[in-house]
Every structure is written in C-alpha cells, then in structure tokens.
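# Structural overview for review
Each chain, written out:
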Amino acid sequence: MSGPVAPLPDDLRMIAALATEIRRKRPAEGAIGFHLPHLPASAPETLLVGAEEIRFALCPSPLAVRAELAEIPNGGALILVTDRTDRELGADVIARLAQRRLHRIEPWAALRERLGVQSIDPRLRHFAWLPEVLLPLSAEGGFRPATQVLEAEEVWQVLLDRVGLLTARPDLRDLLVWTTEPANLAAFSALPPDAQGAHAARLGEGNGGAGAAIVHLALSGAGSDAVAIGLIAEALFSAAGGGGGGGGGDIPLDAESARAVGRLETTLLRGVALDPAAGRAWGQAASELLRTRLAEADGQASAWAESVAEQAERLLAKAGIEPFGARGNWLPAGFTARLARFGAVLLDQLRTPLPERLGAVAAAAEAVRSHGFASLRPADVSGVREMHRLARALATPADAPSGSFEAAVGAYVQAGAFVDRSRAALVDAPLSTPLAPAREALLSAVSSAREGENRRFAEQLAGWFEAEGGTTAEPSGHLPATIPIEQVMSQVAAPLAELKPLLVLVLDGLSFPIFLELADDLAARGWQERTPEGSAGRLAGIALLPSVTEVCRTSLFGGERQVGNASGEKAAFSAHPALLRAGSLAYPPVLFHKGDFGTAGTALAPDVRKAIEDEARRVVGLVVNAVDDQLPKGGQLVPRWSIERIRHLSEILAVAAAVGRAILITADHGHVLERESELQRHEGGGARHRPSGPAGDGEIAVRGPRVLAEGGALVVAWSERLRYSMVQSGYHGGASPQEVVVPLSVWVADDEPLAGWHSAPPPAPIWWNDEPAAILGKAVAAPPSAKGGTTARAKSRGPAEERQSSLFARSADPSATASAGSPTGDWLAALFASPVYAEQLARTGRLGLAEATVAGALEALAERGGSLTLAALARRLEVSEARVHLLVAALQRRLNVEGFAVLAVDPASETVKLDRALLAAQFLGENPAAEEKR
C-alpha cells in the first residue's frame with residue numbers, strides 16, 4: 001500500500017480526526033462510514049488514523065460500498081466515504097458500519113464529539129474555519145480542553161501558539177518579538193485566508209493603531225520590518241507627547257515631522273495611518289525590546305540589535321527621511337549626532353571657558369551615555385566620560401599654592417594623577433570622528449596646564465632635595481604623607497609587618513595613574529585599601545634622582561641612598577635592620593625578582609609560593625617588571641592595565657589572600673609617556689637626565705644629598721616634551737611628578753583591624769565624579785547628624801578633605817539623614833520594619849551590607865529622583881568606584897524580590913535606578929499610584 005498524501009484536504013483531515021476518536025472508543029469495529037455531499041476527485045489509498053494506517057475508499061454507489069465491505073479481511077479495518085444516503089445503501093449495509101450509521105461531517109458537532117465537550121463558546125461560532133484547524137490538533141493529542149466548555153481564550157492560546165506567540169493576548173512588545181522570527185511569520189502567512197484574517201484581528205486587539213500597523217505589515221509580507229520601523233517611530237514621534245515619555249497623545253507634530261510621518265505611512269506602512277500616541281507606543285515597545293536584548297550581554301543579541309538599527313537606517317533612506325535618524329535614541333545616526341553635539345559644546349567651553357557652560361557639557365555627555373546604543377560603542381562612551389572629567393578638572397578652581405614640596409606632592413596624588421589617568425585613556429582611544437577635534441583641543445589644553453604644574457613641582461623639588469629632603473615619622477606617631485623612597489621599608493613596611501605578615505609588591509616603573517587602574521581592579525576583587533589614620537589620602541614615596549632603577553630600587557630595598565643592581569638587592573633586603581626586627585633571624589625577609597616567578601604560561605614557581613604561604617616569614621618582597629618592560633617599546637600604544645594583564649599577579653594575590661598577608665604596593669620610580677617629545681642630544685646621562693650644567697627650557701638643575709650623581713648635581717627634564725634618547729613608549733629619570741612620585745598603598749583581603757590604619761577609601765578629586773554645580777561650590781551645606789552637629793568622621797578629616805567637603809557638602813553618615821521625623825526616614829524605617837524585608841534578609845543573608853549602607857544608598861537615590869551614576873553613588877557611600885559595583889549587586893539581591901527590578905543598573909550610562917513605586921508595592925504593600933502621589 002502507498003502512504004497517505006500530504007497535506008490532506010480539509011474534509012479528509014476531519015474524517016481522520018473523527019475516525020481516530022471512533023477507533024479509540026471501538027477498536028473492534030471493522031468499517032467506519034462517512035457521508036460527504038460531494039466526493040473528492042481523488043483520495044489516498046490509506047489514511048493515518050491515530051497511529052494506524054487504515055485502508056481508505058471512495059464509494060460513489062451502493063454497489064461500490066458493498067464491494068469494499070466484502071473485501072475487509074478478518075480483523076481488518078476500512079474507512080469508506082460515500083455520497084449516498086442511508087436509505088440508498090440499505091439497512092443491511094448500515095448495520096455493518098461502526099455505530100450502525102454513516103457519520104456526517106458537521107464540523108462543530110464533530111469538534112464537540114472529538115473534544116468531549118458539551119458546549120462551545122459562542123464567540124467562536126462565527127469562525128467557520130476553526131473546526132478544520134482544531135480537529136487535526138486534537139487527533140494528534142496536542143489539544144484537550146480543561147473543562148466541558150470550549151473557551152475562546154483557551155482556543156486562542158492554542159491557535160497563537162501555532163504561529164509562535166506564547167500568550168493569548170499579546171501586547172505590542174509581544175508582537176515585535178514575534179516578528180523577529182521568520183518561522184513565526186511564515187506560519188502566519190500559511191494560514192487560510194479566513195483564518196489569517198481572524199488571527200490578524202486578534203493580534204491587533206487592544207494594541208491600538210500601532211498593533212494594527214504591525215499586523216498589517218505581517219499581512220503584507222513585511223512583518224520583519226516591524227522592529228526597525230518602531231525605532232523610526234521613536235525618532236519621529238519623540239517630540240510629541242513630552243519627548244516620547246508617554247501621554248499627551250493630542251500634542252500635534254511640527255510640520256516637518258508631520259511630513260516625515262506621511263512619508264512613513266505611504267512608503268513603509270502601506271497606507272496605514274499612525275497617530276502620535278500610536279507612534280510613541282510603537283517606539284517605546286521597540287526601544288524596550290532592544291534594551292532587554294542588550295541587557296543580556298550576549299554577542300548574538302548585540303549583533304541582532306546592530307542589524308535592526310542598520311535596517312532602520314535603510315528604511316529611512318527608502319522613505320526619503322534620513323535626517324530624522326539623528327533624532328533617534330536607537331539609531332546609529334542619533335548616536336553620531338550626540339557625539340558631534342558633545343564635541344561642539346566641549347570646544348565652545350575650551351575656547352571661552354565659562355562656568356555656566358559646564359552644565360551644557362554635562363547634558364551633552366549624559367545624552368551620549370543615555371543613547372540606546374551606548375553599550376555597543378564602549379570606546380566612544382568611555383572617551384566622552386574621560387573628556388568630561390578633564391573638562392571639569394580644567395574648570396575646577398585651584399587651591400592657592402602653599403609653595404611647599406609636600407603640598408605639591410599631595411596635589412599630584414589627590415588630583416594630578418587622576419588627570420594623567422584620563423589623559424592616557426584618551427590618547428590612543430579609538431574614538432569616532434566627531435570627537436576628534438574636541439579630543440585634540442582638550443589634550444592640548446590639559447598638556448599646557450600640566451607643563452605649568454610640572455615646572456612648579458620641579459622648582460619645589462629642587463629646593464627640597466637641596467635641603468636634605470628626608471624625614472622620619474612625626475612625634476605623634478603619624479606617618480608623613482611624603483616619604484623618601486629609601487625610608488619606605490623602615491617607615492611603612494616594617495611597622496606593617498609587626499601587625500600582619502606582609503607582601504611588598506614593587507612594580508618597577510609604576511606610575512600613579514597606572515596604580516589607580518590597578519587599585520580599581522583590586523577593589524573589584526574584594527581587596528580593601530587601608531590608609532593611615534590622620535591622613536587625608538594615600539601616602540606617596542619620593543624617588544631619588546636620577547629616577548632610574550639602579551638608583552631608586554636599590555635604595556628602596558637597602559634602606560639607604562646607593563647605586564646598585566638586582567644582584568645586590570636580595571642581600572640588602574634580607575639584611576634590612578627594620579625588617580629583621582619585624583621578623584626573625586630564622587625567617588629573614590626574602591626578595592624575588594621576575595625571573596624567579598616562572599615562565600609565561602606556567603604556575604607560580606614553588607619556592608615563591610612557599611615563601612608567601614609561610615606565615616613565619618613576616619616579609620616577602622616581589623619585583624614585578626611589567627610596567628618598566630613596556631617603556632622601551634616604541635610606538636604610541638598606551639596599554640590598559642589590570643591584574644590579569646600582569647603575569648602571575650593574579651595567582652600571587654590569591655596565595656597572599658589565602659594566608660592573610662597584607663600587601664604594600666609601591667614602586668622605585670614612575671615614568672612619563674611619549675607625547676610628541678623633542679629630542680635633545682647630550683653626552684652622558686639617560687633618557688631624562690644629563691650631567692650638571694646650565695639648564696635650558698624644560699629642564700632644571702638639581703643638587704643635594706638625594707641626587708646620586710657625580711658631585712651630587714644633575715640637570716633633569718621636568719617637561720613631558722623633552723627627551724635625551726631614542727623614541728620609546730615612555731621615559732624616566734627626570735623630575736616630573738609622574739616620574740618622582742610613587743604610590744605607597746596598603747591592601748588587605750579581610751576585615752581584621754590594622755592598628756593605625758583605617759578602611760576609608762582615599763578620596764578622588766571632586767571633578768572625577770560629581771556634577772558641575774558641586775565643582776563650582778554651589779552645593780548646600782551638609783545636614784547635621786542624628787545627634788546634632790557634625791559627624792565623628794567629619795571631625796577627623798584633614799585639611800585637604802575639609803576643602804573637598806566644602807565643595808561637595810554631604811552627610812558622612814549614610815544613616816544620619818534617615819533619622820526619624822524626616823520624609824526619607826519614614827519610608828526607610830517602614831522598609832526595614834517590613835516582613836518582606838525581613839524575609840529577604842533571612843533568604844539572602846547580610847551580603848556584607850550594613851543597614852546604614854542600605855539606607856545611605858536608597859537615600860542618595862531618592863534625593864536624585866531615583867537615578868544616580870555609579871561614580872556619584874560611590875562617592876556618597878565613601879567607597880571606591882570599583883567596590884560600588886559589588887555593593888549594588890548585593891543591594892539588588894536584597895531588594896529585587898522575585899526578580900522584580902526595584903533596583904536596576906543601566907550598563908550603558910553606568911547609572912543606578914531605584915523604582916520607588918515598585919519598592920513600596922513589594923515591601924510595604926502600597927499601591928504604586930498612591931506611592932507616586934506620596
């Protein structure tokens with residue numbers, strides 16, 4: 001026998017479905033008869049009935065019926081179809097048929113019998129095509145009603161599922177998701193005309209003009225354009241109804257936009273009209289779909305979003321309305337326009353610096369960050385962030401110089417190093433063309449300012465060096481903020497080793513800007529930076545001159561001013577008197593150079609690991625040459641630095657953390673980067689120093705006991721634009737703060753106290769994170785604490801921290817402004833007292849979150865209307881910018897009940913967003929609308 005023909009005609013599908021039900025109830029029946037008023041011209045020899053293949057016969061006469069019945073073998077089965085009536089066939093023939101009758105194909109009755117229901121929802125009765133669709137589904141076991149009534153909603157769920165929709169009442173976003181799959185549109189197009197029309201009406205139901213337009217696109221075979229057209233609608237209708245923010249559907253479009261909408265309707269929508277409310281709704285749904293997909297951080301999703309945006313721009317061109325792409329929040333042209341706007345505003349500020357223009361620069365930067373495609377353009381977004389920072393730095397009023405070398409070092413540590421970090425990030429960043437002129441002008445302005453600062457620094461350094469330039473701990477026991485490199489082991493390392501086993505990590509050539517990058521990475525890994533009590537910021541080491549390895553590193557390890565090499569450093573370190581006193585003669589300090597660590601691609605050498613793991617050995621030193629090794633390489637490449645980038649460092653940190661070692665990160669000297677420098681040839685000396693003599697432009701003559709050269713005198717370069725050797729990536733040996741000032745930074749991997757050291761992170765400069773108003777000193781004074789007056793931490797601030805507080809006043813205690821009686825305190829107190837919050841606390845654990853931290857974060861967000869950048873939140877909570885990511889992740893686990901986004905992070909704009917209405921609904925049981933009024 002041959003197999004069944006596919007696809008079967010509608011009548012035969014219903015016959016197969018009914019026959020399946022009859023065979024299920026009466027499997028012993030041999031012949032099943034069906035009556036059709038009109039027989040098909042042809043039919044298959046067999047019909048698949050359930051899992052059985054049964055002989056099938058068309059019988060145009062009573063004689064044909066009798067002949068087919070006579071041929072049924074013992075135990076065999078037959079399905080026969082005839083156009084004859086029961087009377088014409090005769091009672092004896094009818095008696096031989098299943099259920100002793102001819103079954104008539106009355107679709108609704110057949111459906112009712114097949115599904116075993118007593119009634120059918122009247123709303124389904126006008127769909128004449130429905131039984132033909134449902135009968136085969138029920139025969140295949142794919143559909144069985146839940147009750148004795150065939151409900152319309154249940155049926156639509158099944159029908160829409162067949163074309164790829166998972167809900168019986170899709171909204172606009174569901175429709176757009178549906179159009180992204182070609183298989184869904186193909187299944188929709190394959191529906192019979194009547195069924196397709198009914199499906200279209202259902203899909204558009206409740207979705208207004210936008211839903212009707214999307215369905216019309218699907219009907220016309222252009223459904224795959226729906227998301228792209230939604231992005232175009234977002235651009236066209238953003239000006240009406242409050243900037244695309246919803247509401248205001250009666251606000252008319254301007255004449256130019258109205259003409260563009262007309263082109264959209266005639267060219268892309270096949271004549272369907274789209275009013276502003278529908279256009280905004282379509283645009284919002286398309287935007288939300290892209291935002292959700294991009295939040296998945298999936299490369300495939302990003303590629304899809306890119307392709308949709310490109311498709312939208314092609315459709316804009318097709319409609320002849322390309323200029324409107326610049327308005328779009330999700331179109332490449334819109335992102336490019338925002339970059340151009342930022343560049344133009346920044347150039348205006350650089351040409352004619354005015355305080356009030358900083359607000360325009362900030363708004364233009366925020367517009368770039370908030371563009372939907374910002375996450376797909378990380379280089380440009382990062383570039384705008386750094387350019388905005390530098391613009392704020394240039395506009396920040398400088399403190400009157402005190403004339404002291406220590407003040408100049410503090411200014412570099414607390415601000416200048418941050419400037420250099422941003423400069424390095426900008427120099428070779430692959431930015432889009434619209435940013436190029438502003439970057440060039442900005443870097444030029446910053447470099448000019450840096451030249452003046454470097455000159456003043458060098459003058460103060462020369463005086464300090466000539467006057468001995470060495471100091472010891474203050475009588476109070478507090479460490480001075482500026483420590484000569486040769487005193488680091490005795491003044492910092494040895495006292496630390498008495499408190500805790502210590503790892504001294506010396507990164508040869510490490511500049512402060514690179515250290516700032518590594519510090520962020522360390523904080524993100526859970527390490528905590530500690531700073532000396534009584535200090536306003538980080539400690540700084542001061543290199544000797546010339547600021548080269550054989551002078552500075554040897555003096556660092558030996559504890560006295562000397563010139564040497566690596567071979568003598570190990571012995572000098574192991575014999576350092578202060579370090580020996582902190583440990584023991586049995587376990588003296590031990591030093592390893594990079595060659596001791598092991599080769600690339602291998603694990604840390606066993607003897608290095610063993611030394612770090614041995615807690616009896618109080619001090620272990622490691623020399624890492626990753627930075628210094630990079631400098632001789634030619635070219636303009638400025639690498640981004642991280643823990644992973646430095647060979648073996650991640651493993652070293654893990655071993656140190658496991659045994660509870662504190663880490664002192666420092667360097668022997670820093671370096672300046674190549675910035676189109678000028679070559680001056682001299683006999684003797686190095687890349688940035690030469691024998692004593694008259695100093696020229698960009699140079700200074702330095703003498704004194706801290707100058708380790710013949711006669712105790714040198715001429716050194718302070719200008720970044722000067723070098724005495726072949727071109728390299730960077731240079732050292734000179735007198736700029738980049739070369740002379742090195743970090744002295746202490747880190748721990750646990751919360752154990754270190755006597756004399758506290759965990760408050762060193763402050764970043766005010767312009768690094770904050771708003772222009774704060775830079776201009778317009779912030780209001782800090783509110784008092786709950787007990788009145790200033791907080792304890794505010795009282796202990798040093799002078800530099802006090803100056804920053806006056807620029808950006810705030811409460812140092814996050815819980816202080818959540819005191820009883822204040823509006824903020826009321827809702828926070830209610831939150832902490834709610835049973836749901838208690839359940840979350842029990843379910844997720846403490847997560848390292850003190851109640852004051854939660855209160856401080858929520859208060860800060862509430863004060864800014866529910867939105868705050870990660871950087872600003874970090875400053876408010878007094879944590880590092882890297883550590884705030886961990887805190888926000890913990891807050892999300894605490895607050896996002898059952899996955900609802902009470903607290904969300906927009907990765908493109910690096911913004912934390914608090915949904916107060918949702919928080920009230922989830923934790924306090926309040927109606928969101930009521931919360932909004934509140």
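Quick note: structure is the one above.
This section reports on the structure supplied with the text. (Residues numbered from 1 in each chain as written. Predicted model: local features only at pLDDT ≥ 70, side-chain atom pairs only at ≥ 80, totals over all residues. Heavy atoms only, no water.)

One open sheet holds the 3 strands; their spatial order is E24-E26-E25, and the pairing between them is antiparallel. Of all the strands in the sheet, just strand E24 (867-869) and strand E25 (903-906) have a single pairing partner and so form its edges. When strand polarity is set aside, the average angle formed by the axes of neighbouring strands in this sheet is 25°. For E25 and strand E26 (residues 911-914), the ladder comprises 4 bridges, and the chain directions are antiparallel. Within E26, the position partnered with Ala904 by the bridge is Lys913. (Pairing = 2+ DSSP bridges. Helix = DSSP H or I, 4+ residues; strand = E, 2+ residues; numbered from the N terminus. Axes fitted to C-alpha atoms, helices over the stretch in contact; angles between N-to-C directions.)

What follows is about the pairing of strand E10 (residues 528-532). Among the 5 residues that make up E10, 5 are buried, leaving the element largely enclosed by the rest of the structure. Alternating positions in E10 separate into two faces, Gln528, Arg530 and Pro532 on one and Glu529 and Thr531 on the other, with burial throughout. Taken together, the 3 bridges between E10 and strand E22 (residues 741-748) define a ladder with antiparallel strand orientation. Bridge pairing links Glu529 to Trp747 in E22. (Buried < 20%, exposed > 50% of the residue type's maximum accessible area, 1.4 Å probe, protein only.)

This next bit is on the packing of aromatic side chains. The geometry of two aromatic rings is summed up by the distance between their centres and the angle between their planes. In the structure shown here, the tally under the stated rule is 13 aromatic pairs. Measuring from ring centre to ring centre gives 5.7 Å for Phe512 and Phe515, while their planes differ by 85°; the resulting arrangement is edge-to-face. Of this pair, Phe512 and Phe515 both sit in helix H22 (residues 512-524), 3 residues apart, which is roughly one turn of that helix. You can call Phe512 buried: its relative accessible area is 1%. Within the aromatic cluster, the residues linked to one another by ring pairs are Phe405, Phe457, Trp464 and Phe465. Positioned above the aromatic ring of Phe465 is the side chain of Arg706, whose terminal nitrogen or guanidinium carbon lies 4.9 Å from the ring centre. Here the basic side chain of Arg916 rests over the ring of Trp827, its NZ or CZ set 4.1 Å away from the ring centre. (Phe/Tyr/Trp six-rings, centres within 6.5 Å; stacked < 30°, edge-to-face > 60°. Lys NZ or Arg CZ within 6 Å of the ring centre and 35° of its normal.)

The pairing of E24 with E26 spans 3 bridges and is antiparallel. Counted as the bridge partner of Thr869 is Thr911 from E26.

The axes of two packed helices give the description: the angle between them and the distance between them. Where helix H19 (residues 405-427) contacts H22, the axes come no closer than 8 Å and their chain directions differ by 90°. If you check the angle between H19 and H22, you find them roughly perpendicular. Taken together, the residues of H22 that come into contact with H19 (itself represented by Tyr412, Val413, Ala417, Phe418, Asp420 and Arg421) are Phe512, Pro513, Leu516, Glu517 and Asp520. Taken together, the residues that form the contact of H19 with H22 break down as 7 nonpolar, no polar and 4 charged. (Parallel < 35°, antiparallel > 145°, perpendicular 65-115°, else oblique. Contact = heavy atoms within 4.5 Å. Nonpolar A, V, L, I, M, F, W, Y, C, P; charged D, E, K, R; others polar.)

On to the nonpolar core. Formed by 128 residues in total, the largest nonpolar core has its most connected members in Phe342, Ile612 and Leu622. Per element, the largest residue contribution to this core is 10 residues, and it comes from helix H20 (residues 436-466). When residues no more than four places from it in sequence are discounted, the contact partners of Leu622 are Leu503, Val504, Leu505, Val506, Leu591, Phe592, Phe597, Val608, Ile612 and Ile652. Membership of the second largest hydrophobic core comes to 98 residues, among which are Ile54, Ile105, Leu203 and Ala213. (Core = buried A, V, L, I, M, F, W, Y, C linked by side-chain atoms within 4.5 Å.)

What the 3 strands build is an open sheet, ordered E17-E19-E18; its pairing is antiparallel. Of all strands in the sheet, those with a lone pairing partner are strand E17 (689-691) and strand E18 (699-703), marking the two edges. Strand-to-strand, the axes of this sheet are offset by a mean angle of 30°, without reference to chain direction. Sheet topology note: the E17/strand E19 (residues 713-717) ladder contains 3 bridges and is antiparallel. Across the sheet, Arg690 pairs through a bridge with Val715, a residue of E19.

These results come straight from atomic positions and should not be treated as a statement about function.
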